[in-house]
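Descriptive analysis of the structure
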Amino acid sequence: MKRSIGVYLAACLAALSVQAASSVAQAAPTPPASPVTLATTAADQAAASGLDALAKGPDEQFQRRAVQKGGIPGQKDLYYVSYDRTYKGLPVIGGDAVVSTDAAGKVLDTVAANEGGLAVDTRAKISAARAKSIARAQLSTVDKVEGGTLSVLAGEHDKLVYEVLVSGTRAGAPSRLHVYVNAHNGVVEDQVDDVHAGTGQSEWNGPSPLNIDTSNNSTVDDTRPGLRCVDYSTNQPFTKSSNSFGNGQATSKETGCVDVLWSTQKQWDMLKNWLGRNGIDGNGRGVTVKVGLDKVNAYWTGQHIEIGRNNSRQWIASMDVVGHEHGHALDQYTPGGAGREAGLGEATGDIFGALVESYANEPAPFDTPDYLVGESVNLVGQGPIRNMYNPQAVSGHPNCWSSAIPGTEVHAAAGPLNHWFYLLAEGSNPGGGKPSSPTCDGSTVRGIGIQAAGRVFYNAMLQKTSTQTHFKYRVGTLNAAKTLDPTCVQYNAVKAAWQAISVPAQSGEPTCTPIQQNDFSLELSSASGTVAPGGSATSTVRTTTVSGNPHSVALTVTGQPTGVTATLNPASVTSGGSSTLNISVASGTAAGTYPLTVRGQGTTTHTVTYNLTVGTAPAENDFAVALNPTSGETNPGGTLTTTVGTTVTSGESQKLALSASGLPAGATASFDPATLAAGESSRLTIATTSATPAGTYAVTVTGTGADATHSATYQLRIGGEPPANDFSVVLDPTSGSVEAGSSVDTTVRTTTTAGSPHKVHFSASGLPTGATATFNPLSIESGETSTLTIATTSATPEGQYTITVTATGTDSTHTATYTLTVTAGGGPGGCDGIPAWSASSPYVPNDEVSHSGHKWKSTWYSTGAEPGHPNSWAVWQDLGTC
């Protein structure tokens, strides 16, 4: 049935395309759509048509929620488009769905939490206030009650409910509880808690010193937006006069934040390089982590992570606990949200903890890759709290799935899925010092490597729904493996691992016919390093046979700057073997970050990148600058002060001149004193006038000495009465590429953020020559959307432009920006047949494009990095004119 419906839909679309083509035969050709556009268009058509699992009743509709990319980074892009279902305009809880496509817009699969055909009386008999009162009673202490949205709860018997979100505590633990109260009789039909508890290790990362990304001498990572580690008691990051944190003791909360940042940054890089995911939320953002919870536990609260202690009062901020808690966040931020069936959420956390341990590959005695959870922290004095290769070795947790699992305590219930992942990654008898793993049916399972296993599980996560079960994960992982590996080697391993933990075959699960080829994967034990001039570094290049037979792989490395030598020993391995990457940096090498590309050439070709940072020798006499406080708020006309502290970090004290930049209009800065010796302090006074505009400003305070210059940032907030009616505006997408003479569209979305919906009018500026901007409609009510069409002419110059969309409401004005790339019209690619660069296309190392009359070769993974732009020096190599 799936095939016949899909063929019928494709035939209809093809017929429409032929008719459209015949009616516009003389029209100018349009540029090819981006993979994201192709994916969303195909998915939207499938959702509208009710294709396969997307069946829906006459009163039901699907609304697109998000698009996430999976597949194999740099080799095969897959897209997963999630949808929310509505019934007579009401949200349907448990009605979500996902459509998966390839980069060409071909629908690969459809999954839904509910088959549709809802029939519910939508007339409420109790009030939202009454529902909130009932929901409050579900927690022992209540901090906040939100929501009260009238919804439909899909299930065996569909019901009209109020969804109420109650935040507080129960049984002494934090809770963020979704309570579904029957809108007809007040019965609590269901509850789902966003808070998930987990446990793990402590300070235990190394060797020291760890290189962590921080900003403004604080435990905040501005290179990964949203990632910050704070003191649980103050909600503030740790700050230092120097950019060196912690004392190496796990009883220090500051040391805990060092471990948090180190672990999270490794996990962030693993998600990008192994799974192709952008940040924790999939949109380039992370979450706040709080260290200092006075409980023997750790939590994902649904909004942030809280790190507690072990019985020795050491903060458990190690690799696998931080990776586990971020695993809960990933579960929430992928389609369907966190699963309700016992064991799925906790196993997901453990799997991501194992993945980040493997990616970081720390040496003993630190947190080495081991598939144990909590083995070093000794949380309650009894060693590891879970064992993935033999779950029953800890507290008798079940190795095998049974009908009892859905009713088992959630941490114990993680055993079967943890066991499945180990069998898939390593096999039942992996050798090489790795532990054997017993199977429930006595079978022998061959592993595919943890990186490939992680990709299979992650791509299955991108297909999950809110009614996820172990059975649905079996189907999802088989679909993912079949799509990722057409040889069926991974499919067969996935199937064998499920059989080995007693999860039976499911109706409708896919079959796989192999397309045999030899293939391998390539990974680095450490994907980055910082080396001072005159120093050296090493990393292990690992290969794994992922399909076919072991075969010869030739290894090379490119991208070394002048003064850097990189060699591989050996230069050729049989897939499954390893080589050592040796990097030597000459004493005169210029400081900077350089991507080195390691290429493996076998039957197929794969690349990985090592990011080498060459540091500069420290100044003989050096100092640090810190502000206390680092931020302040005042109304126009007010005054703020902060202390500028300086510290000698090496050599002798030197004379410093202080200055400030980044002040808003009408504001002035004065220092008392304006010059001082390193080690002394000054008082900075910022005075504003009545004309200083409201807003938040980053004021940079700079200390300039004879041997060094350093800065710190003060966040200046100028207040003002908030508008009675306010709104926000965003563009979707925020960028696009168009050939001169064609047009491109984006959706302008608004949301009412204060007051009532009100009229919003649009305008656009920054257009290139010959381009026009049209809004349809030109004015809307806040909360509605408009379509912006940017049309170019053949005379529009090639280049990249920032278009500012201004939205003017009743009481406020907001802007959003759109990056428009105009490419030259004419011949194919515009340069000797080489494809023209596109801002919306993803590129991998060694891709060649043409742009601005030059040939360019990609040296890194990128999307939107323009060849020749000053910020793209590390991404593109200029091969000369063409």
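One can find the structure itself at the top, above this paragraph.
So, here's what we can say about the structure. (Residues numbered from 1 in each chain as written. Predicted model: local features only at pLDDT ≥ 70, side-chain atom pairs only at ≥ 80, totals over all residues. Heavy atoms only, no water.)

**Quick word on helix H2 (residues 35–49)**
Under the 1.5 Å per step criterion, the end-to-end length of H2 is 21 Å for 15 residues, consistent within 8% with the ideal 21 Å. Taken as a whole, H2 has its buried residues at Pro35, Ala39, Thr40, Ala42, Ala43, Ala46 and Ala47. Along the long axis of H2, the arc covered by the buried residues comes to 165 degrees, so they all point the same way. For H2, the secondary structure elements touched by its buried residues are strand E1 (60–72), strand E2 (76–87), strand E4 (97–102) and strand E5 (107–112). Note on H2: the residue one or two positions beyond its end, Gly50, has a positive phi of about 75 degrees. (Helix = DSSP H or I, 4+ residues; strand = E, 2+ residues; numbered from the N terminus. Expected span 1.5 Å × (residues − 1). Buried < 20%, exposed > 50% of the residue type's maximum accessible area, 1.4 Å probe, protein only. Arc of directions from axis to C-beta. Contact = heavy atoms within 4.5 Å.)

**Observations regarding the sheet that holds strand E34 (residues 695–704)**
The strand order across the open sheet formed by 5 strands is E28-E35-E34-E30-E32, and the pairing between neighbours is mixed. Every other strand in the sheet has two partners, leaving strand E28 (631–634) and strand E32 (675–677) as the edge strands with one partner each. Going from strand to strand, the sheet's axes swing by 30 degrees on average, the running direction of each strand aside. Sheet topology places strand E30 (residues 655–661) next to E32; 3 bridges connect them, and they run antiparallel. Counted as the bridge partner of Lys655 is Ala677 from E32. (Pairing = 2+ DSSP bridges. Axes fitted to C-alpha atoms, helices over the stretch in contact; angles between N-to-C directions.)

**Re the packing of helix H7 (residues 415–426) against helix H10 (residues 489–500)**
As a packed pair, H7 and H10 sit with axes 9 Å apart at the nearest point and diverge in direction by 140 degrees. In terms of orientation, H7 lies oblique with respect to H10. Seen from above, H7 lies across H10 with right-handed handedness. Here Leu417, Trp420, Leu423 and Leu424 of H7 lie close against H10, whose contacting residues are Ala493, Val494, Ala497, Trp498 and Ala500. By residue class, the composition of the contact of H7 with H10 is 9 nonpolar, no polar and no charged. (Parallel < 35°, antiparallel > 145°, perpendicular 65-115°, else oblique. Left-handed = near helix turned anticlockwise from the far one by under 90°. Nonpolar A, V, L, I, M, F, W, Y, C, P; charged D, E, K, R; others polar.)

**Points about the sheet that holds strand E23 (residues 572–574)**
The strands making up a sheet are joined through hydrogen bonds of the backbone, oriented either antiparallel or parallel. Pairing within the open sheet is mixed, and its 5 strands lie in the order E19-E26-E25-E21-E23. With one partner strand each, in any of the chains shown, strand E19 (528–531) and E23 form the two edges of the open sheet. When the angles between neighbouring strand axes are averaged without regard to direction, this sheet yields 25 degrees. Direction of pairing for strand E21 (residues 552–558) relative to strand E25 (residues 592–601): antiparallel, over a ladder of 5 bridges. Directly across from Leu555, in E25, lies its bridge partner Gly600.

**Description of the pattern of salt bridges**
Scanning all chains against the criterion turns up 19 salt bridges. When the shortest N-O distance is used, the salt bridge between Asp121 and Arg123 registers 3.0 Å. Residues Arg340 and Asp190 are paired through a salt bridge, measuring 2.3 Å at the closest nitrogen-oxygen approach. Note that Arg340 is positioned in the loop between helix H5 (319–332) and helix H6 (344–360) and Asp190 in strand E9 (residues 188–193), a separation of 150 residues in sequence. A residue is classified by how much of its surface remains accessible, and Arg340, at 41% relative accessible area, is partly exposed. When salt bridges that share partners are traced, they join Asp213, Asp221, Arg224 and Asp269 into one network. (Salt bridge = Lys/Arg side-chain N within 4 Å of Asp/Glu carboxyl O.)

**Overview of the side chain of Asp221**
Residue position: Asp221 is located in strand E11 (residues 220–221). Here Asp221 falls in the buried class, since its relative accessible area comes to 1%. Here the side chain of Asp221 touches Gln265 through a polar contact of 3.0 Å, side chain to side chain. If near-sequence neighbours (up to four positions away) are discounted, Asp221 is found in contact with Asp213, Leu227 and Gln265. (Polar contact = N/O pair within 3.5 Å; in protein donor to acceptor, adjacent residues only side chain to side chain.)

**Observations concerning the packing of aromatic side chains**
This model, assessed by the stated rule, comprises 11 aromatic pairs. Consider the rings of Trp401 and Phe471, whose centres lie 4.8 Å apart with planes at 50 degrees: the pair is tilted. Residue Trp401 is found in the loop between strand E17 (386–387) and H7, and its partner Phe471 is found in helix H9 (residues 470–484); the two are separated by 70 residues along the sequence. Owing to a relative accessible area of 27%, Phe471 belongs among the partly exposed residues under this scheme. Through successive ring pairs, a cluster of aromatic residues spans Trp420, Phe421, Phe457, Tyr473 and Trp498. (Phe/Tyr/Trp six-rings, centres within 6.5 Å; stacked < 30°, edge-to-face > 60°.)

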